[in-house]
Amino acid sequence: MKKLLLVLSVLLLLCGCASNKAETVSETVEAVSETAENTEVDLSSLSIVTPKGAPVLAFYDQISNENYTRVTADAISALWTGDQSPDVLVVDLTSGVKAIENGAEYKLGAIITFGNFYLASTGNDENDTMDADDKIVLFGNENMLPSRLWHYLYGTDYDASLLYEADAQQAAAALTSGKYSDGTEVDYVFLAQPALFGALKNNENAKVYADIQEEYKNKSGLDMIQAAVFIKNSVDAATGNAFLDQLSKSIASAIADPSLVEEGLSVYTDDEATAQYGFNPKVVVNVFKQKNALGNNAMGLGFAKAIDIKSDIDAFLSIFSISETSEEIYFK
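The following paragraphs examine the structure supplied in this document. Quick caveat: nothing in here was measured; it's all calculated off a predicted structure.

Broken down by element type, the protein chain carries 11 helices and 11 strands. Here the protein chain holds 332 residues, and 46% of them are scored as buried. Look at the contacts in the protein chain between residues 6 or more apart in sequence, and 73% of them connect residues 24 or more apart.

Written as structure tokens, this is what we have:
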């Protein structure tokens, strides 16, 4: 009997110890979790560079951040390497992927613009239907995105009628006047927002003929992709993901309430604003409030973590004959 009581006492003691240990472990886990939740990642020191233009909208709440810099698009290529390379670099998807292929130490983090291209009629076409002999203006050159997109959507049937202006501003002038830079009368102009907005205001006969985002989705079944966020390899996962999470939330807030963008961009005004952003804020905010054929804002602003839409990215890159991306180039 004494032996039985002794065994029972030992068992009760062990059970008590196990219970206390389990409670201690549980309390420790809860304490660590609470500490992790209350620990904020410091993003203030991250250096950010975007090209002037539409991508600036995504950083409307960072205009006063001394670590955020806006440069002309042609200055981006020099920033992939060297002491001046920032922690976060925003550029068109194709340029960024090619830079990584050439050794740039960055990873693809997110997509923040999803198309702001439109095909507009000048009002010169009598039958109001695009035919093979109608004169059509694109901007850039045969190897740039407008031409690549055009040929993906419409093939080569119109090649004999295509005219190229150097940039969106000159294409906008063609839509306004109804004439190419050499005086040739034109019927249709492929143009991006916000340049389209001003041209439509200046030509009462002009109108949107096709929403390129809708055309692309109808053909591919996927969303168009333009500006991408690239994060330097030296940025740790916690910081990079915290940055992307913050960017996602600020973009969602802007889409829900465009007045936030207007307020953020008000740091600069008039000519200084145009110099800083590469656009007139009043015009862009007006465009941002409009909807495209897919029901999204007309500037194409949005957010998607890149790894989550890898198939969309690969499909878009295929237009440029770029092979399928490796998961190794994505920030996770």
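That shown, we press on.
So, on to helix α7 (residues 237-256). Taking 1.5 Å of rise per residue, 20 residues should cover 28 Å, and α7 covers 28 Å from first to last C-alpha, within 8% of that figure. T239, G240, F243, L244, L247, S250, I251 and A254 are the residues of α7 that are buried. Around the axis of α7, the buried residues are gathered within 130° of arc, so they sit on the same side. Turned more than 90 degrees away from the buried face of α7, the exposed residues are K249 and A256.

Both faces of strand β7 (residues 162-165) are covered, namely the face carrying L162 and Y164 and the face carrying L163 and E165. Sheet topology note: the strand β6 (residues 136-139)/β7 ladder contains 4 bridges and is parallel. Of the residues in β7, the one forming a bridge with L138 is Y164. This β-α-β element, β6 to helix α3 (residues 145-154) to β7, shows right-handed connectivity.

Looking now at the packing of aromatic side chains. Under the criterion given, the structure shown has 15 aromatic pairs. Aromatic side chains Y154 and Y158 sit 6.4 Å apart centroid to centroid with 85° between the ring planes, which places their arrangement in the edge-to-face category. Of the two residues examined, Y154 and Y158, each falls in the buried class. Consider the rings of Y268 and Y277, whose centres lie 5.9 Å apart with planes at 70°: the pair is edge-to-face. Here the aromatic cluster, defined as three or more aromatic residues joined through ring pairs, consists of Y152, Y216, F316 and F320.

Pairing is mixed in the open sheet, where 6 strands are placed in the order β2-β1-β3-β10-β4-β11. Across the chains shown, the open sheet's two edge strands, defined by having one partner strand only, are β2 (68-71) and β11 (301-305). Mean inter-strand twist for the sheet, computed between neighbouring axes without regard to direction, equals 25°. Pairing between strand β3 (residues 88-92) and strand β10 (residues 227-232): 5 bridges, direction antiparallel.

This part takes up the sheet that holds strand β9 (residues 207-211). Here we have 5 strands laid out as an open sheet, ordered β7-β6-β8-β5-β9, and mixed in their pairing. Both outer strands of the open sheet, β7 and β9, are each paired with one neighbouring strand and no more. Sheet twist, expressed as the mean angle between neighbouring strand axes with direction ignored, is 35°. On the sheet, α3 packs against β5 (117-121), β6, β7, β8 (188-192) and β9 and is oriented at approximately 75° with respect to β5.

Moving on: the pattern of salt bridges. If you walk through the whole model with that rule in mind, you get 6 salt bridges. K332 serves as the salt-bridge partner of E327, at 3.3 Å between the closest nitrogen and oxygen. Exposure remark for E327: the relative accessible area of 46% places this residue in the partly exposed category. Among the charged side chains, a salt-bridge network with shared partners connects K310, D314 and E324.

What counts, and at which threshold
Per chain, residue numbering runs from 1 following the sequence as it is written. Restriction of local features to residues with pLDDT of at least 70 applies here, the model being predicted, together with a cutoff of 80 or more for giving and counting side-chain atom pairs; totals for whole chains, interfaces and linings are based on all residues. The basis for every side-chain value is the complete set of heavy atoms in the structure, and neither hydrogens nor water enter the calculation. By definition, any uninterrupted DSSP run of H or I lasting at least four residues is a helix, any uninterrupted run of E lasting at least two residues is a strand, and each is numbered from the N terminus. Remark: exposure states derive from per-residue accessible area (1.4 Å probe, protein chains only) relative to the maximum for the residue type, with buried under 20%, exposed over 50%, and partly exposed in between. Contacts between residues were defined by any pair of non-hydrogen atoms, one from each residue, lying within 4.5 Å. Here the expected length of a helix is defined as 1.5 Å per residue gap, with one fewer gap than residues. To be clear, the arc concerns the directions from the helix axis to the C-beta atoms. By this definition, two strands are paired if DSSP reports at least two bridges between them. Looking down the strands as they point away from you, a crossover is right-handed if its path from the first strand over the helix to the second goes clockwise. Pairing of aromatic side chains here covers Phe, Tyr and the six-membered ring of Trp, requires ring centres within 6.5 Å, and sorts the geometry by plane angle: under 30 degrees stacked, over 60 edge-to-face, intermediate tilted. Angular values range over 0 to 180 degrees, each being the angle between N-to-C directions of two axes fitted as lines to C-alpha atoms, with helices fitted over their stretch in contact. Salt bridge, as used here, is a side-chain nitrogen of Lys or Arg placed within 4 Å of a carboxyl oxygen of Asp or Glu.

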